[in-house]
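Architecture at a glance
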Amino acid sequence: MRFDPIPVRGSTRRERILSWAVGLVFAFVLLRLFTMQVLQGTRYRELSEENRIRVEVLTAPRGEIRDRQGRLLADNIPSFTVTLDPFDPAYQGHPALLDSTVEHLGRILGGDPVELREKVKRERRRSFVPIRLMRNVDMKSVAYVSEHAATLPGVDVESEPLRRYPLGSMGSHLLGYVGEISDKELEDPRYADYLRGDLTGRMGVERQYEKVLRGVDGKRFVEVNALGRKAELLGDKRPILPKRGTDLTLTVDLALQRAAEEAFEPGARGAVVAIDPRNGDVLALASRPNYDPNELATGISFKRWKELSEGENHALFNRAIQAAYPPGSTLKPFVILCALAARAIEPGTTFRETCDGAFQFGSRPFRCWNPRGHGTLALRGAVAQSCDVYFYQLGIRLGLDRLSSFMKTLGLSQRSGIDLPQERRGLFPDPAWYDKRFGVGRWSRGLILNLAIGQGECSVTPVKLAQITAMIANGGMMWRPRLVREATREGAKISLEPAAADSLSHRLSLNARDLQRVQESMEAVIYDPHGTGGLAKVEGVRVAGKTGTAQNPHGDDHALFICYAPAEAPEIAIAVLVENAGHGGSEAAPVAQKVLHAYFHPAAAESARIAALKPAALAPAAPPRRG
Amino acid sequence: MANTRLGAEVDRPLLVAAILLALIGIAFVFSATANAVMEAKQGLYLKQFIWLGIALAGAAVTAIVPYRVYEGKLSYLLFGIGVILLVLTLFVGHVGLGAQRWLGWGQLKFQPSELAKVVTVLVLATILSDRKTDLTQVRSLFKPCLLAAIPMALVMKQPDLGTSVAFVTILLTMLFWAGLPPLYLFLLVTPIINVALSFFLPVWILFAAILALVLYRSRLRLVPILVVVAINLVVGIVTPQVWNHLEPYQRQRVTTFIDPNGDPYGAGYQIIQSKIAIGSGQVWGKGFMNGTQKGLAFLPEQHTDFIFSVVGEETGFLGSATVTLLYLTLILRGVRVAHRGRNRFGSLLAIGMTSIFLYHILVNICMTVGLAPVTGLPLPLLSYGGTSLLTSFLQVGLIQNVAMRWREY
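The shown structure was predicted, so the numbers you read here are calculated from the model rather than taken from an experiment.

Quick notes on the overall build of chain B
- Per the secondary structure count, chain B includes 15 helices and 3 strands.
- Residues counted as buried form 48% of the 409 residues belonging to chain B.
- Nonlocal contacts in chain B, meaning residues at least 24 apart in sequence, comprise 72% of its contacts between residues at least 6 apart.

Some thoughts on the overall build of chain A
- Scanning chain A from N- to C-terminus turns up 22 helices and 21 strands.
- Looking at chain A residue by residue over its 627 residues, the buried ones come to 47%.
- Sequence separation of 24 or more characterises 73% of the internal contacts of chain A that already satisfy a separation of 6 or more.

Some points on the environment of B:Leu201
Residue and element names in this part refer to chain B.
- By the element assignment, Leu201 lies in helix α9 (residues 201-217).
- Taking the number of C-beta atoms within 10 Å as the measure of exposure, Leu201 has 11 and is therefore exposed.
- Residues Leu201 and Gly236, spaced 35 residues apart in sequence, show a C-alpha to C-alpha distance of 9.8 Å.

So, unusual backbone geometry
- For the peptide bond that leads from A:Arg288 to A:Pro289, omega is -5°, which places it in the cis range.
- Mapped onto the elements of the fold, A:Pro289 is located in the loop between β12 (282-288) and α11 (293-297).
- Here the amide bond leading from A:Ala565 into A:Pro566 is cis, since omega sits at -15°, within 30 degrees of zero.
- Counting through the fold element by element, A:Pro566 comes out in the loop between β20 (555-565) and β21 (572-578).
- With phi around 60°, A:Met203 is a residue other than glycine that occupies positive phi space.
- In this fold, A:Met203 is placed in the loop between β7 (199-202) and α8 (204-208).
- Judged by local crowding, A:Met203 falls into the buried class, with 25 C-beta atoms found within 10 Å.
- Even without a glycine there, the phi angle at B:Leu381 is positive, about 75°.

Comments concerning helix α16 (residues 431-438) of chain A
- Little of α16(A) is tucked away: 0 of the 8 residues are buried.
- Trailing α16(A) by a residue or two, A:Gly439 shows a phi angle of about 100°, which is positive.

A closer look at the sheet that holds β20(A)
Residue and element names in this part refer to chain A.
- Within the open sheet, the 5 strands sit side by side as β12-β11-β21-β20-β19. Their pairing is antiparallel. Single-partner strands in this sheet number two, and they are β12 and β19 (544-552). Each neighbouring strand pair of the sheet contributes to a mean axis angle of 5°, computed without reference to strand direction.
- In the sheet, β19 pairs with β20 via 8 bridges, with the strands oriented antiparallel.

Describing helix α2 (residues 41-49) of chain A
- By the burial criterion, the buried members of α2(A) are A:Gly41, A:Tyr44, A:Leu47 and A:Ser48. Looking down the long axis of α2(A), one finds its buried residues gathered within 120° of arc, a one-sided arrangement.

A look at the packing of helix α6 (residues 142-156) of chain B against helix α7 (residues 161-178) of chain B
Residue and element names in this part refer to chain B.
- Between α6 and α7, whose axes approach to 7 Å, the crossing angle comes to 165°. With respect to α7, the axis of α6 lies roughly antiparallel. Note that α6 runs across α7; the crossing there is right-handed. On the side of α6, the interface is formed by Pro144, Cys145, Ala148, Pro151, Met152, Val155 and Met156, while α7 contributes Leu161, Thr163, Ser164, Phe167, Val168, Ile170, Leu171 and Leu175.
- Tallied by class, the residues present in the contact of α6 with α7 amount to 13 nonpolar, 2 polar and no charged.

A look at the packing of helix α5 (residues 112-129) of chain B against α7(B)
Residue and element names in this part refer to chain B.
- Interaxial distance between α5 and α7 falls to 10 Å at its minimum, and their mutual angle equals 20°. Judged by the angle between their axes, α5 and α7 are roughly parallel. Crossing hand, α5 versus α7: right-handed. Of the residues in α7, those touching α5 at Ser113, Lys117, Thr120, Val121, Leu124 and Leu128 are Thr163, Ala166, Phe167, Ile170, Leu171, Met174 and Ala178.
- Among the residues forming the contact of α5 with α7, the class breakdown is 9 nonpolar, 3 polar and 1 charged.

Describing the nonpolar core
- Within the largest apolar cluster, 126 residues are counted, with the highest numbers of intra-cluster contacts made by A:Val272, A:Val273, A:Ala274, A:Ile574, A:Val576, A:Ala592 and A:Val595.
- Look past the residues within four positions of A:Val272 in its chain and what remains in contact with it is A:Ala260, A:Ala263, A:Ala284, A:Ala286, A:Ile574, A:Val576, A:Val591 and A:Val595.
- Judged by nonpolar contacts, the second largest core, of 106 residues, contains A:Tyr44, B:Leu14, B:Leu52 and B:Leu122.

Observations concerning the confidence of the model for chain B
- With 85% of its residues at a pLDDT of 70 or more, chain B shows a mean pLDDT of 83.
- For this predicted complex, the interface confidence reaches an ipTM of 0.89, while the overall pTM sits at 0.64.

Structural notes on the environment of A:Ser146
- You can see A:Ser146 is positioned in helix α5 (residues 139-147).
- C-alpha of A:Ser146 to C-alpha of A:Val157: the two residues are 11 residues apart in sequence and 7.7 Å apart in space.

Regarding the confidence of the model for chain A
- Across chain A, the average pLDDT comes to 85, with 89% of residues at 70 or higher.
- Note on residues 499-503 of chain A: pLDDT under 50 across the span, and 2 contacts to partners over four residues away in sequence or across chains.

Concerning the pairing of β20(A)
Residues and elements named next belong to chain A.
- Burial runs high along β20: 9 of the 11 residues are buried.
- Counted between consecutive antiparallel strands, the loop separating β19 from β20 contains 2 residues.
- Counting the residues that bridge the hairpin from β20 to β21 gives 6 residues.

Analysis parameters
- Residues numbered from 1 in each chain as written.
- Chains lettered and ligands numbered in written order.
- Predicted model: local features only at pLDDT ≥ 70, side-chain atom pairs only at ≥ 80, totals over all residues.
- Helix = DSSP H or I, 4+ residues; strand = E, 2+ residues; numbered from the N terminus.
- Buried ≥ 20, exposed ≤ 12 C-beta atoms within 10 Å, placed from the backbone.
- Contact = placed C-beta atoms within 7 Å.
- Pairing = 2+ DSSP bridges.
- Axes fitted to C-alpha atoms, helices over the stretch in contact; angles between N-to-C directions.
- Arc of directions from axis to C-beta.
- Parallel < 35°, antiparallel > 145°, perpendicular 65-115°, else oblique.
- Left-handed = near helix turned anticlockwise from the far one by under 90°.
- Nonpolar A, V, L, I, M, F, W, Y, C, P; charged D, E, K, R; others polar.
- Core = buried A, V, L, I, M, F, W, Y, C linked by C-beta atoms within 7 Å.
- pLDDT = per-residue confidence, 0-100.

Structure follows, in structure tokens:
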């Protein structure tokens with residue numbers, strides 16, 4: 001029965017070793033407690049009562065953004081931010097004192113006391129990090145705050161990099177801006193490493209590449225005593241220096257961007273997108289009216305923000321990607337491509353009804369844009385002169401099924417996939433869509449007539465229009481438009497999700513001869529004596545394009561224009577939209593012409609620009625707030 | 001009759017210490033959450049009180065059912081269940097604070113890693129008390145090391161480094177108690193020391209010299225010596241090489257793994273606030289419910305991982321030393337029960353359970369006074385947490401089980 005009289009051999013010795021070891025370790029712990037609580041207790045008591053240990057965040061500068069030639073589009077400058085710690089012992093049990101401090105600060109810094117008080121109230125509930133009350137404060141106010149530290153408990157001045165857009169409103173929609181993180185975002189796990197008051201990218205590249213542009217914030221511990229002086233806590237933790245975010249080099253060419261933005265009349269609303277058809281590089285992306293992102297970087301009043309975002313012109317709205325318009329006649333080359341692919345027409349095909357300014361469908365006349373009529377035209381002439389009657393009949397011949405399924409392969413109802421946030425989808429309705437909208441069989445076959453000339457329920461964003469134009473130019477390659485050419489962190493190139501970029505670019509299976517016919521007809525638009533796009537001609541380069549005038553139930557027609565050049569070996573494809581401007585040939589084509597001119601004759605364009613340059617054209621960063 | 005005789009053998013100091021600690025725990029969970037901003041936290045002490053009742057019932061069960069039933073097949077079965085639950089956690093677990101540590105149905109959540117530690121002790125006690133296990137033979141180390149490595153690896157995957165190191169502590173303590181020669185024990189830990197030291201060449205050379213000397217004087221046979229030398233050389237040379245070839249983000253992953261809150265804004269801040277809380281308690285403390293650090297929510301995990309800081313702040317050195325001494329009592333009585341027990345399985349069982357306590361207590365308290373990194377381990381018996389409290393009392397019950405039947409072989 002008894003296997004093991006002494007159950008564990010030598011256990012007496014081991015018990016002694018173990019007990020002593022345990023005792024020794026516990027004695028060490030007790031010694032530590034004794035040191036902290038008895039020997040250093042007074043010091044720690046002071047720390048817990050009078051003085052406060054704070055973490056000071058050393059904000060990392062965001063990565064710089066440059067154009068494809070390395071010209072600066074966004075960088076950072078040092079600035080001062082006034083912070084308030086609502087948990088300062090002075091405020092414990094004295095909420096009125098906090099209010100009066102906020103009011104006092106509002107007076108010094110020139111902020112709205114009510115807005116500031118709201119901010120403090122909102123933010124103190126969330127965290128115990130000092131509240132960044134006001135950014136980009138001028139030196140005079142900094143000096144005042146420092147001098148009056150004793151009467152402003154918990155108030156401090158921190159240095160923070162301020163985002164600066166040295167060219168002001170140039171490229172504002174493309175770049176986006178930065179703003180304070182919202183409550184909703186703070187609850188989002190994707191923003192887990194953000195603190196209240198942190199800046200984050202809003203719209204544009206700033207938003208899309210927030211993850212890489214944002215650096216890694218540094219931190220340091222500071223001890224703040226009753227006099228507001230700071231002493232770094234040595235020994236416990238050394239400060240961690242911030243790391244600047246990734247620098248981005250965009251595909252955009254500043255000269256072209258400038259030409260695109262300045263091609264518009266002052267006060268005009270519209271958009272331009274220029275794409276390199278060889279690789280999908282976005283060369284320019286402009287939306288008018290624009291805004292000054294510097295103004296938004298420092299935090300603006302609610303009123304001003306409402307004005308920008310909801311005002312009459314919706315300046316914050318990026319018309320190049322967020323707005324879908326009826327393509328009007330710019331859709332016609334695509335309709336031709338569909339008809340050729342379906343073998344519904346030959347280049348020489350003409351239709352029974354000749355154009356006398358209108359086309360009778362049932363009891364209703366469908367007008368051609370030209371009331372005098374075009375006579376009988378074949379493919380080339382119909383595109384060049386944009387004859388609606390030709391396309392009404394082509395539409396009937398194709399039918400909604402064939403046309404809508406072809407537009408689906410062009411991706412007209414899909415996003416272009418450009419690396420910008422909030423891109424809107426266009427729409428090209430199919431029978432199912434109409435069934436759902438109006439009920440099965442409760443819609444007229446006549447809808448196809450309007451769709452065939454790019455009117456009615458179809459709509460497309462300027463960026464999508466530019467993408468398809470580039471596809472026609474390059475012979476069938478649908479590139480996903482891309483804005484970032486290169487990303488560098490600490491001097492070394494890094495890659496940004498390369499897989500996603502390629503997966504969205506694809507080749508369409510189109511007949512080369514069909515494409516060639518469409519390309520020729522688009523050249524005729526510019527060079528045919530009766531062509532509608534003559535205003536897009538540029539010296540020394542052969543251009544191909546298509547005008548469009550989209551009827552707009554809410555007001556004047558939108559003017560559209562798509563083009564690419566040189567026709568024989570395209571390097572640039574452009575889509576232009578001008579809201580409520582009238583005819584595409586007279587209003588949108590000249591805008592494209594200016595961009596083409598800047599592209600093919602950069603020196604001439606630059607000298608013309610400098611000649612016209614007013615001193616105010618180079619906008620500085622937002623001036624510091626005044627007291 | 002038998003029961004009363006058994007009852008007389010209960011280790012009273014251990015039982016009293018455990019219950020006192022649990023009651024102190026409830027009091028300070030109350031104090032730590034009384035002013036909580038989130039109302040959901042305010043009733044936690046009541047929840048903990050109910051858990052204490054369940055835990056005491058559990059302790060009674062584990063104390064009364066003779067511990068011998070666990071020996072052999074049942075220990076393997078329980079170990080298997082524990083491992084399966086850990087695997088389940090990886091796939092369907094709840095993510096808490098960045099790691100998958102929880103399993104649960106509806107409101108009920110529990111942490112399988114707590115259970116895994118207990119069943120690992122059972123299975124190791126079975127193996128090490130087996131007469132066929134001869135610890136003077138190197139090859140007999142293989143099985144216990146492998147079995148301890150399984151739950152350890154699974155917990156590491158969660159990732160929960162703090163708990164996974166607990167398995168190493170359990171293994172080493174039980175091997176030591178089972179009579180593993182100190183030389184072997186040393187050789188067993190050399191690769192671990194090696195990894196840590198391989199980044200500091202001078203210290204590593206010194207360590208290599210000591211190892212060489214020990215091996216030279218060990219009178220081991222050539223093959224085991226060569227194996228130890230080979231493993232150490234490989235580990236020592238490969239580790240820095242591998243490290244240098246890792247991508248920055250991979251390195252980042254490793255460093256965050258070792259120190260999950262390496263960011264001083266997170267953990268460093270917690271530790272500084274914890275030290276201020278404890279230190280400012282001075283000799284007598286600020287008084288129950290009067291802590292100021294916790295009042296401002298400076299201690300984020302104050303009712304769980306940082307409960308000791310609240311004790312230190314509100315009851316001063318007097319209170320924190322008392323709690324520390326209660327823990328010391330718990331450990332030393334546990335060692336005594338293990339020593340006294342005549343049955344090898346029972347003795348190993350008791351020492352294993354005690355080693356779990358020892359590891360958690362030391363790691364947690366050292367963390368709050370700034371001697372150890374923040375690992376997210378609770379303080380047994382004191383911290384808020386149902387699974388933790390229940391497991392602690394199951395352990396107490398098992399130790400009492402061995403104490404009551406110390407005469408049995």
